[in-house]
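This is what each chain is made of:
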Amino acid sequence: MFNALNRYLSRLDGDARPQQRDGHGYGFQVLRNTNLELGVEPWFDFIVGINGRAIENPDLRLFAQEVRNCAGGSVALALWSAKGQRTRVMHIPVPVDTRSLGLSLQWTPLSVATNVWHVLDVPANSPADHAGLLPYSDYILGTPDGVLHGESGLGELVDDYIGRPLKLWVYNNEYNVTREVEIVPSREWGGEGALGCVLGYGALHRLPAPLSEPVDAPGETMFDGDTGNTAADQFTTLAPPSDPSSMFVPAEAGGRSASPFLVPAQIVGTPPPPTGNTPLRSKKKERHGHAPNRMMDDYLAEEEKKSRELDGNIAASKTPPPPPPKAGGPPRAPPPGPPPKAEQKAASEDDDDVD
């Protein structure tokens, strides 16, 4: 049984291949936005596509030329946001006179947006408490005093600023604002750590979507969602909107992939009832499940059946035949039951003689 399960797991490990993110590895990170009417957030937004095509060339001149070609009209940009790791489409009008969007861009890997630290517990009278860090809703994005590389980057920077003020860029999820916090790391405040707070790092502590955005329905959220899709797959419909005032087009409105994993089981259509005089038969309730689960159950059931048959054959081959009966031995008692007819007849004759 366990051997069958091990073989199945090894088969799954052999089939697993690293998925490539063709259009999601890099993008133009927005560093500055001089157009206040344009809903693009610096640092959080990355431009990963333009006019229905994924951006794969880091040459900024090609991107600027594509924008200038849309002067007098609108350009469709696919913006990947670090808040919730989602992609949305925005149709932006390009003025004829400037032929510019007023954005400062830099070719940057999207993994930069995952290099954040989640503030968890903040003890009282700690340096983090005096600096005003809020537990569970604050995220440390970086610092103007240096560059943070990897999980240990913040700790190395804090060690260099023991007893000195350190500026941090902190994003708050509840208020959806970013502020600059000044903190003085110290190891003499009476607790553990120089910052005096518990930090979380990794996939479970990435920036969540703002609370103002709608929450995904059950069955629509997956771990590391959209890993196999390119940026162009997420915005196939890029025609300018009929209403110029509506400049935001949610990614869900751009058409989702026809993958069955994105269709909740509750909305799958049921077959129509049978027509005619055919009597209705009781059917068991169909269970909606994923094909891999059924495949695994069938595979394990088949292997268990084979194991039982193999165990039965081995047990039968190891059992010796019964020994032959021994000759002679003590006489056995007659089986219980009525006496034979001859004995009954003799007993009746003896009774007649006695009378």
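First, a word on scope: everything that follows refers to the structure included in this document. Note that this is a predicted model, so its numbers are computed, not measured.

## Here's the deal with the overall build of the chain
Within the chain, the secondary structure is distributed over six helices and 12 strands. Looking at the 355 residues of the chain, the share that counts as buried comes to 27%. Across the chain, contacts joining residues at least 24 apart in sequence account for 68% of those joining residues at least 6 apart. For the chain, the computed accessible surface area is about 24,500 Å², with 55% contributed by carbon and sulfur atoms.

## A few points about the pattern of salt bridges
Enumeration over the complete set of coordinates arrives at eight salt bridges. Among the salt bridges present, the one from Lys 83 reaches Glu 41, with a minimum N-O distance of 2.7 Å. Of this pair, Lys 83 sits in the loop between strand E4 (74–81) and strand E5 (86–93) while Glu 41 sits in the loop between strand E1 (26–33) and strand E2 (45–50), and the two are 42 residues apart along the sequence. Across the pair Arg 88 and Asp 45 runs a salt bridge whose closest N-O atoms are separated by 2.9 Å. With Arg 88 in strand E5 and Asp 45 in strand E2, this pair connects stretches of sequence that are 43 residues apart. Asp 45 shares its class with Arg 88; the two are buried.

## With respect to a nonpolar patch on the surface
A cluster of nonpolar side chains, namely Leu 134, Tyr 175 and Val 177, defines an oily patch on the protein surface of about 290 Å² accessible area. With respect to the helices, strands and loops of the structure, Tyr 175 is situated in the loop between strand E9 (166–172) and strand E10 (177–183).

## Quick notes on the packing of aromatic side chains
Taken as a whole and assessed by the stated rule, the structure comprises seven aromatic pairs. Geometrically, the ring pair formed by Phe 28 and Phe 63 is tilted, given 5.4 Å between the ring centres and 45 degrees between the ring planes. Of the two residues, Phe 28 sits in strand E1 while Phe 63 sits in helix H2 (residues 60–69), which places them 35 residues apart along the sequence. An identical accessibility class is assigned to Phe 28 and Phe 63; each is buried. Among the aromatic side chains, those forming a connected cluster through ring pairs are Tyr 26, Phe 28, Phe 63 and Trp 107. In this structure, Lys 83 is placed above the aromatic ring of Phe 44, and the distance from its NZ or CZ to the ring centre is 4.4 Å. In this structure, Arg 164 is placed above the aromatic ring of Tyr 161, and the distance from its NZ or CZ to the ring centre is 4.4 Å.

## Section: the sheet that holds E9
By definition, the strands of a sheet pair up through backbone hydrogen bonds, in either a parallel or an antiparallel sense. Taken in spatial order, the five strands line up as E10-E9-E8-E7-E11 in an open sheet, and their pairing is antiparallel. At either end of the open sheet lies a strand with only one pairing partner, and these are E10 and strand E11 (199–200). Pairing geometry for strand E7 (residues 117–119) and E11, over two bridges, is antiparallel. Across the sheet, residue Val 119 finds its bridge partner in E11, namely Leu 199.

## A word on helix H4 (residues 153–160)
All of the buried residues in H4 are Gly 153, Leu 154, Leu 157 and Val 158. Relative to the axis of H4, the buried residues are bounded by an arc of 130 degrees and lie together on one face. On its buried face, H4 sits against E7, strand E8 (138–142), E9 and E11.

## Examining the side chain of Asp 45
For Asp 45, a relative accessible area of 0% gives the class buried. A polar side-chain atom of Asp 45 sits 2.8 Å from the main-chain amide nitrogen of Glu 41. Reaching out from Asp 45, the side chain makes a polar contact with the side chain of Arg 88 at a distance of 2.9 Å. Setting aside its immediate chain neighbours within four residues, Asp 45 contacts Phe 28, Gln 29, Val 30, Gly 39, Val 40, Trp 80, Ser 81 and Arg 88.

What counts as what
Residues numbered from 1 in each chain as written. Predicted model: local features only at pLDDT ≥ 70, side-chain atom pairs only at ≥ 80, totals over all residues. Heavy atoms only, no water. Helix = DSSP H or I, 4+ residues; strand = E, 2+ residues; numbered from the N terminus. Buried < 20%, exposed > 50% of the residue type's maximum accessible area, 1.4 Å probe, protein only. Contact = heavy atoms within 4.5 Å. Areas by Shrake-Rupley, 256 points an atom, 1.4 Å probe, with all protein chains shown as cover. Salt bridge = Lys/Arg side-chain N within 4 Å of Asp/Glu carboxyl O. Patch = residues over 30% accessible without salt bridge, like charges linked within 9 Å, V, L, I, M, F, W, Y side chains within 5 Å. Phe/Tyr/Trp six-rings, centres within 6.5 Å; stacked < 30°, edge-to-face > 60°. Lys NZ or Arg CZ within 6 Å of the ring centre and 35° of its normal. Pairing = 2+ DSSP bridges. Arc of directions from axis to C-beta. Polar contact = N/O pair within 3.5 Å; in protein donor to acceptor, adjacent residues only side chain to side chain.

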